[in-house]
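Structural characterization, general
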Amino acid sequence: MKEVGGRGRDTGQGILGPRLAPVVAIQTALATPFTPVQMTYTNSMGEHYEPWGCAGPASGTHCRKTAWALHCRLSRPTGPALGLKVRVTHQPARVNTQIALQETLTTAAQRRADGVRPEFGDLVQIKKQLISVISLCKERGLVHSVKWASELAFALDPLPKDELPPSHLVSEEDVQDLDAFALAKSYFDLKEYDRAAYFLRGCHSKKAYFLYMYSRYLSGEKKKDDETVDSLGPLEKGQVRNEALRELRVELSKKHRAGELDGFTLYLYGVVLRKLDLLKEAVEVFVEATHTLPLHWGSWLELCNLVTNIEMLKSLSLPSCWIKDFFMAHIYTELQMIPGALQKYQSLIEAGFSKSTYIISQIAVAYHNIRDIDQALALFNELREQDPYRIENMDTFSNLLYVKSMKPELSYLAHNLVEIDKYRVETCCVI
C-alpha cells in the first residue's frame, strides 16, 4: 500500500484552514493475500496520529504498477476539519472497501486552547525570538536566514511597542570592536570581502570573528566563481576549488577543540567541512550548532541537505524547539515522505502560521512531488497573489503549467520573471 497525501482548498480562511476538504487516496495492487489494515497512522519517526487525507502502509502488501486508487473527498461548509480512519479488506473475487469516518480534529483555535501543541502555545514569545534572531543574522550577513525568519515573523501578528524584545547584550569585546566591525560590515555589504577581513583581523569579539572568517570564506567562493567563468572547458571547471577552505578548516578546528565556537561559527565550520566533502564531520557539527543556537535556520537547512534517509534522521540527537517542526516538515518533503510532511505543515498552520508564504510554497512543492497537479497549481496561484514578485519555486510552478499545456499562463509567467530578474536561475529555467 502506498501513501498519498491529501489535498486542501482555499476557503477564505487561509490555505488548508479550518474548513479543510481532506482526500484519501489509497493505492494497492489487487494481489492476494492482503492484510486488513486500520489506517491509524504511525510515521517512521514513531509519531502517532490519525492523518488528514492519507493512509498508512500495510506490511505484507505487494505493490505493482497496475494499482487501484480510491478517492474520497469530504467537504463541509463550516466547522472543523475531519480526520479519517480507513479500513480496506480484499477478497479474491472482489474488493470490499469500508470507510469509517471519525471527526478526530477540532478547529485550529480549539487545538491551541486545549494545548495540543505546547511548544507553539505562546506565539508572542516565538515572535520575539524571531525578531531577535533576525537582528543577530543581519549583523553577520546571513541574508537567507534573515529572509526566512522575517517571512515567518511577518505571518504572525505585530507586537505592541512594550512587547518588543530588548536589544541583545553587548560584551566588552563588542564595544572595543565596534568601529572596526561597523567599517568591515560596510565593506562586506558591498561584497568587498578581502577588505572586510583585513579590518577585522585584530578583533576579538565572537561576532567580529565570525564575520572575519565568513568574509574569507565568501572571498574564496567569489574567486572560485570568477575562475570558473574564465575556464576553457567543463574539465577545467570541475577542478576549480575554493582555495581558502583548507586554511579555514585548520583554524576553525583548533577553536572547535578548545570549545570557543558559538552557534554561528559552528554553522560556518560545518559549511567548510561540507565543501571539503567531510560529510560525517559536517553532520556532527551542524547538530552541535542546532543545540548551541536552535533559532538559526541556516544550520537546520544545511542538515536537511546532508540527511539521506530516515534511518539517518532518526539517529540524530536534535534539540527540542518549535523550529524543529519546520525542519521535520522540510526533511520529510526532501525524503519524499509527503503524507508526513503535509501533516506537519497542517499542524504548523493550526499552530498560528496560516499566513506564512513559506509554508504555502512548501505545501505546493509537496503536492508537485506526488503529481497532484491541480492542487499544486491552486497553491502556487494563491502564492503569486500574496507575493507577486516572488521568484523562488517559480521554476516548479512553470513545470506544472507546462504539464497542463497552459501556454498563455506560462508565457505570462516567463515575461513577468524576466521583468523582475532576468538572470536568476529560476528565471532561466522558466524561459
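Right, let's walk through the structure included here. (Residues numbered from 1 in each chain as written. Predicted model: local features only at pLDDT ≥ 70, side-chain atom pairs only at ≥ 80, totals over all residues. Heavy atoms only, no water.)

Moving on: helix H17 (residues 373–386). Helical periodicity: at 3.6 residues per turn, an α-helix aligns residues three or four positions apart in one direction. Between its terminal C-alpha atoms H17 stretches 20 Å, which fits the 20 Å expected from 14 residues at 1.5 Å a residue. Within H17, burial applies to Gln375, Ala376, Leu377, Leu379, Phe380, Glu382, Leu383 and Arg384. Taken together, the buried residues of H17 touch helix H16 (357–369), helix H18 (394–403) and helix H19 (407–421). (Helix = DSSP H or I, 4+ residues; strand = E, 2+ residues; numbered from the N terminus. Expected span 1.5 Å × (residues − 1). Buried < 20%, exposed > 50% of the residue type's maximum accessible area, 1.4 Å probe, protein only. Contact = heavy atoms within 4.5 Å.)

Once that is clear, we can look at unusual backbone geometry. For Gln336, which is not a glycine, the phi torsion comes out positive at approximately 60°. The topology assignment puts Gln336 in the loop between helix H14 (323–334) and helix H15 (338–353). Since its relative accessible area comes to 47%, Gln336 is described here as partly exposed. Even without being glycine, Ser405 reaches a positive phi, approximately 55°. Looking at the element boundaries, Ser405 is found in the loop between H18 and H19. On the basis of relative accessible area, Ser405 is assigned to the exposed category, the value being 54%.

This brings us to a nonpolar patch on the surface. A cluster of nonpolar residues, Leu183, Tyr198 and Phe199, forms a patch on the protein surface that exposes about 260 Å² of accessible area. Look at Leu183 and you get partly exposed, because its relative accessible area is 31%. (Patch = residues over 30% accessible without salt bridge, like charges linked within 9 Å, V, L, I, M, F, W, Y side chains within 5 Å. Areas by Shrake-Rupley, 256 points an atom, 1.4 Å probe, with all protein chains shown as cover. Salt bridge = Lys/Arg side-chain N within 4 Å of Asp/Glu carboxyl O.)

Looking now at the pattern of salt bridges. The full count for this structure, using the stated rule, is 16 salt bridges. Residue Lys275 is joined to Glu221 by a salt bridge in which the shortest nitrogen-to-oxygen separation is 3.3 Å. Of this pair, Lys275 sits in helix H10 (residues 263–275) while Glu221 sits in helix H7 (residues 206–230), and the two are 54 residues apart along the sequence. The class of Glu221 is buried, set by a relative accessible area of 12%. Among the salt bridges present, the one from Lys222 reaches Asp226, with a minimum N-O distance of 3.8 Å.

All right, on to H15 then. For H15, which comprises 16 residues, the first-to-last C-alpha distance of 19 Å sits more than 12% below the rise-based estimate of 22 Å (1.5 Å per residue). A large share of H15 lies buried, amounting to 16 of its 16 residues.

Right, let's talk about the nonpolar core for a bit. Counting 103 residues, the largest nonpolar core has Tyr217, Leu313, Trp322, Phe326, Phe327 and Ile359 as the members making the most contacts within it. The element contributing the most residues to this core is H7, with nine residues. With near-sequence residues (within four places) excluded, Phe326 lies in contact with Phe120, Trp148, Leu152, Trp297, Leu348, Phe353, Tyr358 and Ile359. (Core = buried A, V, L, I, M, F, W, Y, C linked by side-chain atoms within 4.5 Å.)

Once that is clear, we can look at the packing of H7 against helix H9 (residues 245–257). Two elements in contact, H7 and H9, have axes separated by 10 Å at closest approach and are oriented at 160°. As summarised for this structure, H7 and H9 are arranged roughly antiparallel, according to the angle between their axes. In this structure, H7 meets H9 at a crossing whose hand is left-handed. Residues Tyr209, Met213, Arg216 and Tyr217 of H7 form the contact with H9, whose participating residues are Leu245, Glu247, Leu248, Glu251, Leu252 and Lys255. Across the contact of H7 with H9, the residue classes break down as six nonpolar, no polar and four charged. (Axes fitted to C-alpha atoms, helices over the stretch in contact; angles between N-to-C directions. Parallel < 35°, antiparallel > 145°, perpendicular 65-115°, else oblique. Left-handed = near helix turned anticlockwise from the far one by under 90°. Nonpolar A, V, L, I, M, F, W, Y, C, P; charged D, E, K, R; others polar.)

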